[in-house]
Number of protein chains: 2
Amino acid sequence: MYEDRVDGLRGKFQGFGIDAIWIVQPENRRYLSGFKAPDGQLTESSGSLLITFDEALLITDSRYTTQAEKEVVGFEVITQKGDLVEALSKALKELGAKRLGFEGGYLIWELYQQVKERLSQQSPLIELVPLSGVVEEMRVVKEPGEVEALRRSAKLMGNVLDRVIRELEPGHIERDVAWRIETLIREQGADEAAFPPIVASGPNSALPHAIPTNRALEEREPIILDVGAKLEGYCSDMTRTVFLGEPSEDFKEIYATVREAQISALRSVKPGMETTEADSIARDHILKAGYGDFFGHSLGHGIGLAPHETPAVGPLKPKALREGMVFTVEPGIYIPGKGGVRLEEMVILEKDGAELITTNKDFYSF
Amino acid sequence: MYEDRVDGLRGKFQGFGIDAIWIVQPENRRYLSGFKAPDGQLTESSGSLLITFDEALLITDSRYTTQAEKEVVGFEVITQKGDLVEALSKALKELGAKRLGFEGGYLIWELYQQVKERLSQQSPLIELVPLSGVVEEMRVVKEPGEVEALRRSAKLMGNVLDRVIRELEPGHIERDVAWRIETLIREQGADEAAFPPIVASGPNSALPHAIPTNRALEEREPIILDVGAKLEGYCSDMTRTVFLGEPSEDFKEIYATVREAQISALRSVKPGMETTEADSIARDHILKAGYGDFFGHSLGHGIGLAPHETPAVGPLKPKALREGMVFTVEPGIYIPGKGGVRLEEMVILEKDGAELITTNKDFYSF
């Protein structure tokens, strides 16, 4: 599996005019090598892949050597003695690389400059070639094994969410509910939450990226639960909006509008359709219902090893949908000061349309 | 407080030859503005600060507007309509900036290129000036309020760790212990764990960055617990090595050696000493005891809003220690395949030496 992916990447070298590639993005690194370590901090890398036509190295430091040796498949683990710039230039020289592709969308400016400067001092000269989203593009169509992993992750998350929703009562605190979700995610065997759970009630539900507060849940108000698990590295992401007791007529209408927008998108998407068109199907429905000003974010996003990945399914940057893509469909309507409704499912795109990955017992009612 | 920090930063503009600065690093952003949102993903920014001599803007997108308006002090919140590059160039034009400093150690290469290209198309021309660790350098000496926050964070963590260590029994699973720690951190009121807790037993304790496994704790073997909490944004970080029952003679000696190395460093550090010298005090002790090959990492690191920050206290890159710096002192000895011992305290450097921030009931014995 990893060998096939690395070979697939090598197949793109000629098109990019490179004979080596340097991978630092953690999910790309894991996808190609099996090395699971995340980066310690945003600017603290736990390892670099160096791939040429013939060789595949993982350069890491002594803290990660043992883990790397246990996890990687098809990569030689090199433990750097000094800093990364030094280790990288030494390895490149030994590999005889001349044109090194790097991840322009992930590499830090300063590290780029340091490597560039170091490489310019050695001979033969090695040129740095910026690449954009190359491995991300390989990750966009999921392999069968990945789809199974995503299904398991979504199933775990669905079970947890069902259970938490049944437990909800007026007076419960948003933060406590979020923590309950995180606890169950872990107790059910997930690696961790894919992102901090969102539990947003009443007026807070009007904030698409609400952070759980000490607010107590009340009857009849919208409560948005947007949650995801990471299991065997693969993320799930789903959103339910629930009411304790009957919602107001306003929110009944809003809920129905969001659900209809979602269903129309779910029924329409198919391979070949552009992401922008998928977005506009849901957006137009919300617009026609008179809520056009209250759906500020994109319809959805790809999901896999990362909770957000290619393709973005929004009003900008059209990209053709392809069979095997996994993405979310999550329209929402947010009335400032009052509240919001968001509904989110994960789908895999099959030949003839979308198939749900998330379990959705309550799909057509609340 | 925030205004003073922003003014302090403005005071550096002339030296850098800039009239504006662009801040994207999340802890720097929080330090200057009070905006608490982390970045959603490594490459998904939740906001940019733009600071000139007269103005201070936080540019964010609609998902974060409400949170930003609630949290920031002294910044005008701008909600971008299109993408960041567009919003940034528009704001810079209105501000009349000519030379914009940016965070070279954090900005992604591709975003830098996009901004550079966009700015080169507008007049008057705006030049991009790379800066390195400017706000990080301001954060290195802690204000009294920050020290108090760090003490509270360390106290919470110390209480949790004491409790968990008392509960340990042979047969407990590393992963379960780690989760117990994370649960208590949250239940005691912390924002979250500062980093995933390390619980490493037996041979796993020989891995400085061990990830908790399904291994069961056994009697007489070393168990390393390396844990930290984040409370009001401020991180703690402490490590204990414990044994269930009496350790072997080998590990008694290793433990004593690590503790002596730590104490000698703790007693010696003072303002003006270089970080490399602090490191070598502990390292020499370990070397003389015959374990020189088994202490692969640095002695410590600064800690504050980030779990790892300036100064690095290691064998490379000397930097003078200053009064008010907060950092860890954490020597270790790791025997591959057998096990390891690491002991870590947080200290604040006072005029006459280090004062412990972590509570350490069991400082001289196990």
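Throughout this document, residue positions are counted from 1 along each chain, in the order its sequence is written. Chains and ligands are labelled by the order in which they are written, letters from A for the one and numbers from 1 for the other. With the structure being a predicted model, the display of local features is reserved for residues of pLDDT at least 70 and the display and counting of side-chain atom pairs for 80 or more, all residues being used for whole-chain, interface and lining totals. Hydrogen atoms and water are omitted, and side-chain values are computed over all heavy atoms in the structure.

A.B. asks: Would you mind showing me how to read the overall build of chain A here?
C.D. replies: Per the secondary structure count, chain A includes 11 helices and 19 strands. Burial classes follow relative accessibility: with a 1.4 Å probe on protein chains only, a residue under 20% of its type's maximum area counts as buried, one over 50% as exposed, and anything between as partly exposed. Put simply, chain A has 366 residues, and 57% of those count as buried. Residue contacts are counted whenever heavy atoms from the two residues lie within 4.5 Å of one another. Contacts in chain A between residues at least 24 apart in sequence constitute 68% of all its contacts with a sequence separation of at least 6. Note on areas: Shrake-Rupley, 1.4 Å probe, and residue coverage restricted to the protein chains presented here. On chain A, roughly 15100 Å² of surface is accessible, and the fraction owed to carbon and sulfur atoms is 50%. Charge counting follows a simple rule: Lys and Arg are positive, Asp and Glu are negative, and His as well as the terminal groups are ignored. Think of each charge as sitting on NZ of Lys, CZ of Arg, CG of Asp or CD of Glu. Seen as two clouds, the 42 positive and the 59 negative side-chain charges of chain A have centres 1 Å apart. Runs of E in the DSSP output that reach at least two residues are strands. Runs of H or I that reach at least four are helices, and both are numbered from the N terminus.

A.B. asks: Please explain the interface of chain A and chain B as it appears in this structure.
C.D. replies: At the junction of the two partners, chain A supplies 37 residues and chain B supplies 36 residues. We define a salt bridge as a contact between a side-chain nitrogen of Lys or Arg and a carboxyl oxygen of Asp or Glu at a distance within 4 Å. The interface formed by chain A and chain B holds 2 salt bridges in total. Between Glu182(B) and Arg186(A) there is a salt bridge, and its shortest N-O distance comes to 3.5 Å. Distance and chemistry together define a polar contact, namely a pair of N or O atoms within 3.5 Å, with one atom able to donate a hydrogen and the other to accept it when in protein, and with adjacent residues in sequence counting only for side-chain atoms on both sides. Counting across the chain A and chain B interface gives 15 residue pairs in polar contact (both at pLDDT 80 or more). If you list the elements that add at least two residues to the side of chain A that touches chain B, you get α4 (65-71), α6 (109-120), β6 (127-131) and α9 (174-187) of chain A. With 6 residues, α9(A) is the largest single contributor of residues to the side of chain A that touches chain B. For this classification, Asp, Glu, Lys and Arg are treated as charged, while Ala, Val, Leu, Ile, Met, Phe, Trp, Tyr, Cys and Pro are nonpolar and the rest, including Gly, are polar. Of the residues contributing to the side of chain A that touches chain B, the split by class is 18 nonpolar, 12 polar and 7 charged.

A.B. asks: Looking at this model, I keep getting lost on the confidence of the model for chain A. Mind explaining?
C.D. replies: Any residue range with low pLDDT should be treated as having predicted coordinates unsuitable for detailed reading. Of the residues in chain A, 98% have a pLDDT of 70 or more, and the chain-wide mean is 94. We note a pTM of 0.90 for the whole complex and an ipTM of 0.88 for its interfaces. Each residue carries a pLDDT score, the predictor's confidence in it, ranging from 0 to 100.

A.B. asks: I would appreciate a short explanation of the packing of aromatic side chains in the present structure.
C.D. replies: The description of an aromatic ring pair uses the distance of the two centres, along with the angle that the planes make with each other. Stacked, tilted and edge-to-face are the three classes applied to pairs of Phe, Tyr and Trp rings, where Trp contributes its six-membered ring and a pair requires centres within 6.5 Å; stacked means planes under 30 degrees apart, edge-to-face means over 60, and tilted covers the rest. Evaluation of the coordinates by the stated rule reveals 15 aromatic pairs over all chains. Between the aromatic rings of Phe243(A) and Phe251(A), the centroid separation amounts to 6.3 Å while the plane-to-plane angle is 50 degrees, which identifies the pairing as tilted. When its relative accessible area of 5% is taken as the criterion, Phe251(A) is described as buried. Among the aromatic residues, ring-to-ring pairing joins Phe102(A), Tyr112(A) and Trp109(B) into one connected group. Above the plane of the ring of Phe295(B) lies Arg283(B), whose end atom (NZ or CZ) is 4.1 Å from the centre. Two thresholds decide whether a charge sits over a ring: the Lys NZ or Arg CZ must be within 6 Å of the ring centre and within 35 degrees of the ring normal.

A.B. asks: When you look at helix α11 (residues 275-291) of chain B in this model, what are you seeing that I'm missing?
C.D. replies: Helical periodicity: at 3.6 residues per turn, an α-helix aligns residues three or four positions apart in one direction. Turning to α11(B), its buried residues are Thr275(B), Thr276(B), Ala278(B), Asp279(B), Ile281(B), Ala282(B), Ile286(B) and Tyr291(B). Next to the buried residues of α11(B) lie α10 (249-268), β14 (309-313) and β16 (332-335) of chain B.

A.B. asks: Could you clarify how one ought to interpret the sheet that holds strand β3 (residues 56-60) of chain B in this entry?
C.D. replies: Hydrogen bonds between backbone groups are what pair the strands of a sheet, and the pairing can be parallel or antiparallel. Residues and elements named next belong to chain B. Two strands form a pair only when DSSP identifies at least two bridges running between them. Read from one edge to the other, the open sheet built from 6 strands follows the order β4-β3-β2-β1-β5-β6, with strand pairing classed as mixed. Here the strands that pair on one side only, and so sit at the sheet edges, are β4 (76-79) and β6 (127-131). On average, adjacent strands in this sheet sit at an angle of 25 degrees to one another, irrespective of strand direction. Note that strand β1 (residues 20-23) and strand β5 (residues 99-103) share 3 bridges and pair parallel. Among the inter-strand pairings, Ile21 is bridged to a residue of β5, identified as Gly101. Packing of helix α3 (residues 26-33) onto the sheet brings it into contact with β1, β2 (48-52) and β5, and relative to β2 it is tilted by some 50 degrees. For helices, the fitted line uses only the C-alpha atoms of the stretch in contact; every axis is such a line through C-alpha atoms, and the angle between N-to-C directions lies from 0 to 180 degrees.

A.B. asks: Can you walk me through the side chain of Gln80(B) in this structure?
C.D. replies: Residues and elements named next belong to chain B. With respect to the secondary-structure elements, Gln80 resides in the loop between β4 and α5 (84-95). A relative accessible area of 17% means that Gln80 is categorised as buried. Once residues within four sequence positions are removed from consideration, Gln80 is found in contact with Ile59, Thr60, Asp61 and Ala87.

A.B. asks: For this particular structure, what's the right way to read the pattern of salt bridges?
C.D. replies: Pairing is possible between side chains that carry opposite charge, provided their charged atoms lie close to one another. For the structure on display, the rule yields 54 salt bridges over all chains. In this structure, Arg342(A) and Asp226(A) form a salt bridge, with 2.9 Å as the shortest nitrogen-oxygen distance. Of the two residues, Arg342(A) is situated in strand β17 (residues 339-342) and Asp226(A) in strand β9 (residues 222-227); the sequence distance between them amounts to 116 residues. Across the pair, exposure class does not vary: Arg342(A) and Asp226(A) are buried alike. The partner of Glu309(B) in a salt bridge is Arg139(B), with the nearest N and O atoms 2.7 Å apart. One end of the pair, Glu309(B), is in strand β14; the other, Arg139(B), is in helix α7 (residues 134-139), with 170 residues separating them in the sequence. Comparing Glu309(B) with Arg139(B), the two get one shared label, buried. One salt-bridge network, held together by shared partners, links Glu137(A), Lys319(A) and Arg322(A).

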